[in-house]
Amino acid sequence: DTAVSQTPKYLVTQMGNDKSIKCEQNLGHDTMYWYKQDSKKFLKIMFSYNNKELIINETVPNRFSPKSPDKAHLNLHINSLELGDSAVYFCASSQDSGATTDTQYFGPGTRLTVL
Amino acid sequence: RKEVEQDPGPFNVPEGATVAFNCTYSNSASQSFFWYRQDCRKEPKLLMSVYSSGNEDGRFTAQLNRASQYISLLIRDSKLSDSATYLCVVNTYNTDKLIFGTGTRLQVFP
């Protein structure tokens, strides 16, 4: 059973397009995250939601808009894609927020390539 | 200065060898520490948490030195399956924000 799933796994698109990545977790966790891992393998948090409420919003261009329809889902919509957006995007979830020892479980990643 | 720094490697070691990775962090308010493992083209997975007194999980031993702000991971009796990138991860008190190092790549050869 997949705990944290993401779709699509691969996404190739042209500059200027708008695209969405979906994430779902079946762990019953309260908190979900989006991370970006660039070509240098640096993994950096972008957003975090707890029970559908945004709690972390790092310095990310406003072309990126997360949406959480319920606590099991956190989608990422990207407008006007740029070459620099090419990366692997990981969704993750954890039981609680503010609990520094909670394990975060990662999805398999979405490899986005902008041409 | 990066918040979490690691030697990127690669560390190339034969099976059965002992290998150690270090990691330094810049924020003295950091509260929780972890090692995650990431296989090629896969997601990161928690390997182990790091406790103040040091802790061991089978062949893996993690140590924390708060005074010097560094964390270490020791792998004994390396296996081929240990080949991966090991990510040092730090969490500041009362936030959900995990700060990842760029990882240290380990390659174990027969």
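Note that the structure is predicted; figures quoted are calculated from it, not measured. (Residues numbered from 1 in each chain as written. Chains lettered and ligands numbered in written order. Predicted model: local features only at pLDDT ≥ 70, side-chain atom pairs only at ≥ 80, totals over all residues. Heavy atoms only, no water.)

**Student:** Would you mind going over the overall build of chain A with me for this structure?
**Tutor:** For chain A, the count of helices and strands is zero helices and eleven strands. If you list the helices and strands of chain A from N to C, you get β-β-β-β-β-β-β-β-β-β-β. Viewed in the frame of its principal axes, chain A has a C-alpha envelope of about 40 × 30 × 30 Å. Looking at chain A as a whole, 44% of its 115 residues qualify as buried. Put simply, chain A shows about 5600 Å² of open surface, and 48% of that area lies on carbon and sulfur atoms. Here chain A contributes 12 positive and 12 negative side-chain charges, whose respective centroids are spaced 8 Å apart. (Helix = DSSP H or I, 4+ residues; strand = E, 2+ residues; numbered from the N terminus. Buried < 20%, exposed > 50% of the residue type's maximum accessible area, 1.4 Å probe, protein only. Areas by Shrake-Rupley, 256 points an atom, 1.4 Å probe, with all protein chains shown as cover. Lys, Arg positive; Asp, Glu negative; His and termini not counted. Charge placed at Lys NZ, Arg CZ, Asp CG, Glu CD.)

**Student:** Where do I start with the layout of surface pockets in this structure?
**Tutor:** The method is simple in principle: a probe with the dimensions of a water molecule rolls over the atoms, and the space it marks as empty is what remains. By volume, the largest pocket amounts to about 900 Å³. Along its surface, the largest pocket is lined by 43 residues, and Gln38(B), Asp39(B), Cys40(B), Arg41(B) and Lys42(B) are the ones closest to its centre. (1 Å grid on protein atoms, 1.4 Å probe; cavity = no way out; pocket = protein on both sides within 12 Å on 5 of 7 lines; lining within 4 Å. Points joined across faces, edges and corners; volume = space filled by probe spheres on them.)

**Student:** Would you explain the side chain of Asn55(B) in this entry?
**Tutor:** The residue Asn55(B) is located in strand β6 (residues 55-57) in this model. Only 2.7 Å separates the side chain of Asn55(B) from the backbone oxygen of Ser49(B), close enough to count as a polar contact. (Polar contact = N/O pair within 3.5 Å; in protein donor to acceptor, adjacent residues only side chain to side chain.)

**Student:** What exactly am I supposed to notice about the nonpolar core here?
**Tutor:** Grouped together as the largest cluster of nonpolar side chains are 24 residues, with contacts concentrated most on Phe21(B), Trp35(B), Ile71(B), Leu73(B), Ile75(B), Tyr86(B) and Leu106(B). Every element with two or more residues in this core is listed here: β3 (19-25), β4 (30-38), β5 (44-50), β7 (60-65), β8 (70-75), β9 (84-92) and β11 (104-109) of chain B. Apart from residues lying up to four places away in sequence, Leu106(B) is in contact with Phe11(B), Val13(B), Val19(B), Phe21(B), Ile75(B), Asp82(B), Ser83(B), Ala84(B) and Tyr86(B). Of all hydrophobic cores here, the second largest spans 20 residues; its members include Ile21(A), Cys23(A), Ala87(A) and Leu112(A). (Core = buried A, V, L, I, M, F, W, Y, C linked by side-chain atoms within 4.5 Å. Contact = heavy atoms within 4.5 Å.)

**Student:** Please explain the pattern of salt bridges as it appears in this structure.
**Tutor:** Pairs can form between side chains of opposite charge once their charged atoms are near each other. All names here are of chain B. Applying the stated criterion across every chain, the model contains eight salt bridges over all chains. Here Arg76 and Glu56 are joined by a salt bridge, their closest N and O atoms 3.5 Å apart. Highlighted residues: Arg76 in the loop between β8 and β9 and Glu56 in strand β6, separated in sequence by 20 residues. In this structure Arg76 comes out as partly exposed when scored by relative accessible area, which is 27%. (Salt bridge = Lys/Arg side-chain N within 4 Å of Asp/Glu carboxyl O.)

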